[in-house]
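Observations on the three-dimensional arrangement
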Amino acid sequence: MQLGDLNRIPVIIGSGQVNDRPATGAEGLDSLGLMIAAAREAAKDAGGGLLEQTDWLGIVNQISFPELTGTLISGIKDALSIDPGFARETPSPTGDSPILLINEAANAIGEAKASIALIVGAEALRTAGMRKKEAALAAQDAPAAKKGPYPKRTPVQPEPRHLFGLHTPTDVYPLFENAARDSFGQTLEEAQAESGEIWAGMSRVAAQTESAWIREPRTARQIIEVSADNRPIAFPYTKFQVANAAVNQGAAVIVTSLAAAQAAGVPDERIIYVGKGAAAHEAEDPLMRPDFASSASMNVSLERALELNEIGIGQIDHLELYSCFPIVPKMARRVLGVDASRQITMFGGLTFGGGPIGNYMTHAAACMVDALRKSGTNGLLFANGGYATHNHTILLTKTPQPEGTFPQEFDFQAEADATRGEIPAMELEYEGPAQLETYTILYDRSGVPKQGVIVARIDDNRRTLALVPATDRQAIERLSAAAPGLVGAAGQVSKAGTQGHWSFD
């Protein structure tokens with residue numbers, strides 16, 4: 001194969017990961033410190049003194065230390081003694097951010113606008129939490145210091161769903177899970193068994209991955225059954241089925257031109273080529289979806305990435321399907337035609353590998369690079385962020401990619417929009433008959449139901465929300481039993497203050 005101008009061919013030559021487990025909060029690194037440490041690890045892996053020559057810098061934003069946002073670029077520049085001509089910090093740390101940055105760096109190299117790119121991110125929520133606890137304890141002895149050392153985050157603008165307890169991904173993703181179970185034709189037992197099988201497989205990967213946060217394998221039964229150390233979070237998810245954000249983790253990859261890699265003496269067997277990527281997104285509001293069992297943007301991202309690289313799923317040796325909650329890889333594997341028994345992670349998933357907010361996929365990319373150096377030819381990385389909102393898929397490969405592969409247009413939003421179904425209008429003032437579309441039950445930390453949350457359809461196809469009070473034990477039990485026919489069941493929405501309440505017919 002004639003590669004052409006080696007200055008325009010992007011490759012990954014370095015990866016680094018850091019786990020920080022301080023005994024006390026005061027000893028822990030903050031997010032910036034983790035980023036700096038991860039970048040240095042990537043530089044060691046790459047060799048050749050290339051880090052100092054970085055001319056393109058991409059940073060996955062963080063939430064652990066709000067005061068650092070907006071200062072990360074200068075902090076990394078100063079600590080690493082680099083002066084890139086281009087540098088950017090993602091606006092928010094969504095799960096697709098690392099793959100987006102890899103694709104953007106590859107495009108910059110393909111356009112000869114960059115030669116050496118550093119992509120880095122980190123979260124230190126564990127350290128941030130420990131420091132706040134220490135500050136609170138200190139405040140008991142020093143009443144004048146009650147505010148603590150860190151500024152509060154800007155309050156999130158309230159949305160209608162917040163009135164019904166749907167604040168975080170942990171609250172919202174079960175809506176997709178419960179709707180998809182019905183769409184897939186599964187019983188609750190079958191759907192939970194699938195979740196357990198996938199998650200148990202990820203725990204086994206994490207147990208063998210040095211950079212993973214939880215390295216104790218769990219069985220499917222341990223993952224899906226409620227126990228003393230596996231409390232229910234939001235039906236049907238337990239603690240071991242949700243992302244573990246209370247970690248201190250950083251990761252970085254170094255993308256260079258093939259010319260720069262060869263000039264630095266990087267051996268051919270350590271060079272991984274960047275293939276083409278495809279991205280598409282849903283509306284930011286998770287309730288503005290045609291349904292909760294599929295995603296047009298996910299479908300387009302996965303399918304186009306394979307097509308652009310002229311490859312089939314059977315030629316993918318290593319796979320990373322984003323795994324914040326079981327429904328995401330469940331939907332993705334069905335698009336790809338992947339069996340539930342197949343290994344779908346290189347890092348260990350967001351429960352066991354670790355869930356550092358938007359930076360998980362930098363860890364996954366680093367692990368993918370390591371895996372491809374050892375065996376196989378092709379690795380597929382699928383990233384997802386928000387509420388099954390942001391999707392970006394990319395290929396990493398040992399097959400040389402010719403000049404002209406990059407820059408590439410990876411935005412397939414128009415195609416996703418064209419294939420997406422009609423989005424129902426939301427009507428929160430509604431009272432009257434409706435049909436249950438999906439639901440969840442939210443639990444307190446002791447495992448007691450706080451309330452049920454219903455998404456329902458009105459006869460004219462509008463959508464509404466309603467609560468099931470914890471005092472309505474019969475309705476809560478019916479929801480948790482999830483018998484066939486529950487989705488589509490008839491009920492009534494009645495107003496109670498600012499919220500609708502649900503009762504089954």
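As a reminder, the structure under discussion sits directly above these lines.
If you're wondering where the values come from, they're calculated on a predicted model, not measured in any experiment. Every chain is numbered independently, its residues counted from 1 as its sequence is written. pLDDT decides what is reported in this predicted model: residues at 70 or higher carry local features, side-chain atom pairs at 80 or more are listed and counted, and totals for whole chains, interfaces and linings draw on all residues regardless. Note that the side-chain values use all heavy atoms of the structure and ignore hydrogens as well as water.

**Things to note about the side chain of Ser-295**
Here is the rule: Put simply, DSSP H or I for four residues or longer makes a helix, DSSP E for two residues or longer makes a strand, and each gets a number counted from the N terminus. Exposure is judged per residue with a 1.4 Å probe applied to protein chains only, and the accessible area is read against the type maximum: over 50% gives exposed, under 20% gives buried, and values in between give partly exposed. N or O atoms within 3.5 Å of each other form a polar contact, as long as, within protein, one can give a hydrogen and the other can take it, and as long as residues adjacent in sequence are counted only when both atoms are side-chain atoms. The contact criterion used is simple: two residues touch if any of their non-hydrogen atoms lie within 4.5 Å.
Counting through the fold element by element, Ser-295 comes out in the loop between strand E8 (272-281) and helix H9 (296-308). Ser-295 sits in the buried class, given a relative accessible area of 4%. Here Glu-282 takes part through its side chain, which lies 3.0 Å from a polar atom of the side chain of Ser-295. Discounting chain neighbours no more than four positions away, the residues touching Ser-295 are Glu-282, Ala-388 and Asn-391.

**Some details on the packing of helix H6 (residues 188-207) against helix H10 (residues 327-336)**
The test is simple: Note on definitions: angles span 0 to 180 degrees between N-to-C directions of axes, and those axes are lines fitted to C-alpha atoms, for helices only across the stretch in contact. Note that the term roughly parallel is reserved for angles under 35 degrees, roughly antiparallel for angles over 145, roughly perpendicular for angles of 65 to 115, and oblique for everything else. Amino acids are sorted into nonpolar (Ala, Val, Leu, Ile, Met, Phe, Trp, Tyr, Cys and Pro), charged (Asp, Glu, Lys and Arg) and polar (every other residue, Gly among them).
Between H6 and H10, whose axes approach to 10 Å, the crossing angle comes to 90°. Taken together, the axis directions place H6 and H10 in an arrangement best described as roughly perpendicular. Of H10, the residues touching H6 (which contributes Ala-191, Glu-194, Ser-195, Ile-198 and Trp-199) are Pro-329, Lys-330, Arg-333 and Arg-334. The residue makeup of the contact of H6 with H10, split by class, is four nonpolar, one polar and four charged.

**Side note on unusual backbone geometry**
Omega for the peptide link from Phe-235 to Pro-236 comes to 5°, which places this bond in the cis form. Cis geometry marks the peptide bond from Phe-406 to Pro-407, where omega comes out at 5°. Among the secondary structure elements, Pro-407 is positioned in the loop between strand E11 (390-397) and helix H13 (413-419). For Ser-81, which is not glycine, the phi dihedral falls at a positive 55°. Position of Ser-81 relative to the elements: it lies in the loop between helix H2 (72-80) and strand E3 (86-89). According to the relative accessible area criterion, Ser-81 is exposed, its value standing at 57%. With a phi close to 50°, Ile-357 is a non-glycine residue in the positive phi region. The residue Ile-357 is located in the loop between helix H11 (349-353) and helix H12 (360-374) in this model.

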